[in-house]
Amino acid sequence: MRKTVLLALGALLAFCGSALADNFPSRPITIVVPFAAGGPSDAMARILAERMKLTLGRTVLVENITGAGGSIGVGRVVHAAPDGYTISFGHLGTHVANGAIYKLDYDLVTDLEPVVLLPSNPMIIVSSKAVPAKTLKELIAWLKARPEPAAAGTAGAGSGSHIAGLYFEKATGIKLQFVPYRGTAPALNDLMAGQIDLIVDQLSNSINQVRAGTIRGYAVTDDKRAASAPDIPTTDEAGLSGFHMTLWSGLWVPKGTPKEVVAKLNAAAVEALNDPQVQQRFASLGLQMPPADKLTPQALGDWQKAEIVKWWPMIKAAHVTLD
Ligand code: MLT
């Protein structure tokens, strides 16, 4: 009797999941960006949302839910209904580093379903124009000579810009005073105003201000120069050999979202990534497309797990305190 009931229940759940997927989407979808509007995450999500709407036939909204290095926004999605209507936009910081820093009320791997890997970009070391250094070597010497640690803007503990700052400390032996913001858009405003000294920022966020000369760009954290910033040397060329970091992004949905719904969201995102106009907008921001063979949900899941293995030891060794 019990087995019969369980089998019937299983069949009913499968039928409901399939029915949900058949009608999906029947109303607007929300992509939760866990950082402030105007930043690199927000910019990528809005470009993607605009194109995914054409495939899905429903409005795709972007909602900025900030705080705690992005973990508040991610948590909002983790606890949302697993129906495909609430999507988590995140990256190396929110979906890897946060797990090594915060006591999260969710598991970054088992409480989310991966949807698709998104474009990535190297970081760029940028400073206020008030900083006298003209090269990366001069910047590192200036940082080492300071009586007090320089102020480095981040998007909060565990954000990509914070992890990059920790990595920069480890690679140079300097100490930074991290100043958290709700995203690197407000951090960049303060950098331009000379309120903070530097950011190890996503290239896509700083590139326009470097080009405009309102901030100074020293090097990109890659082994080759960025096509969108050919005059900025690599860290290898600038004297900090091997200081490489790529900040990748992705989309996730709550655990339990029907596979058919995940597949529809994945297909809409992949169609957007293959759209030449979308590719041109991403390229102008210095964003690199993910490899074509890494666009399945499984590929993002495998990548996230590998990045946890790669980054958690360095992050945990930094003993980040959450004041
Ligand atoms: C970060 O992790 O630094 C974020 O990407 C900043 C942002 O998107 O505002």
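Here the focus is the packing of helix 2 (residues 40–56) against helix 11 (residues 276–284). Closest axis-to-axis distance for the helix 2/helix 11 pair is 11 Å, and the angle between their directions is 175°. As summarised for this structure, helix 2 and helix 11 are arranged roughly antiparallel, according to the angle between their axes. Contact residues: Met-44, Ile-47, Leu-48, Glu-50 and Arg-51 in helix 2; Val-278, Arg-281 and Phe-282 in helix 11. Partitioned by chemical class, the residues of the contact of helix 2 with helix 11 number 5 nonpolar, no polar and 3 charged.

The next thing to look at is the site of the ligand. Taken together, the neighbourhood of the ligand is formed by Phe-35, Gly-39, Pro-40, Ser-41, His-91, Ala-155, Ser-159, Gly-160, Ser-161, Gly-183, Thr-184 and Gln-202. Ser-161 is positioned such that a nitrogen or oxygen atom in its side chain is 2.7 Å from an oxygen atom of the ligand. With respect to the ligand, the backbone of Thr-184 contributes an N or O atom lying 2.9 Å from an oxygen atom. Elements supplying a minimum of two residues to the shell around the ligand: helix 2 and helix 6 (160–172). For the shell around the ligand, the class distribution of residues is 3 nonpolar, 9 polar and no charged. Counting residues domain by domain, the shell around the ligand receives three or more from each of domain 1 (2–120 + 248–317) and domain 2 (122–238).

What follows covers empty space enclosed by the protein. A full pass over the atoms with the stated rule returns 1 cavity of 30 Å³ or more. Put simply, the largest cavity is a space of about 110 Å³. Every residue lining the largest cavity is counted, 16 residues in all, and those nearest its centre are Pro-40, Ser-41, Ala-155, Thr-184 and Gln-202. Breaking the lining of the largest cavity down by element, the ones donating at least two residues are helix 2, helix 6 and strand 7 (198–202). If you tally residues by element for the lining of the largest cavity, the top one is helix 2, at 3 residues.

Conventions and cut-offs
- All residue numbers refer to position in the chain's written sequence, counted from 1.
- Per-residue local features are limited, in this predicted model, to residues with pLDDT of at least 70; the limit for side-chain atom pairs, both in listing and counting, is 80 or more; totals at the level of whole chains, interfaces and linings are taken over all residues.
- The basis for every side-chain value is the complete set of heavy atoms in the structure, and neither hydrogens nor water enter the calculation.
- Only the contacting stretch of a helix is used when fitting its axis, a line to C-alpha atoms as for every element, and angles between N-to-C directions run 0 to 180 degrees.
- A run of H or I in DSSP counts as a helix once it spans at least four residues, and a run of E counts as a strand once it spans at least two, with each numbered from the N terminus.
- When an angle is under 35 degrees it counts as roughly parallel; over 145 it counts as roughly antiparallel; between 65 and 115 it counts as roughly perpendicular; any other value is oblique.
- Throughout, a contact is declared for two residues whenever any of their heavy atoms are within 4.5 Å.
- Basically, the charged four are Asp, Glu, Lys and Arg, the nonpolar ten are Ala, Val, Leu, Ile, Met, Phe, Trp, Tyr, Cys and Pro, and anything else, Gly included, counts as polar.
- Distances are taken per atom, and a residue is near a molecule or strand as soon as one of its heavy atoms is within 4 Å of it.
- Side-chain atoms alone can form a polar contact between residues adjacent in sequence; in general such a contact is a pair of N or O atoms within 3.5 Å, and within protein one must be able to donate a hydrogen while the other accepts it.
- Start and end points for every domain follow an automatic or database-based domain assignment.
- Think of a 1 Å grid over just the protein atoms. A cavity is a set of points where a 1.4 Å probe fits yet cannot get out, a pocket is an open set with protein on both sides within 12 Å along at least five of seven lines, and lining residues have an atom within 4 Å of a point.
- Grid points are joined across faces, edges and corners, and a volume is the space filled by probe spheres set on the points.

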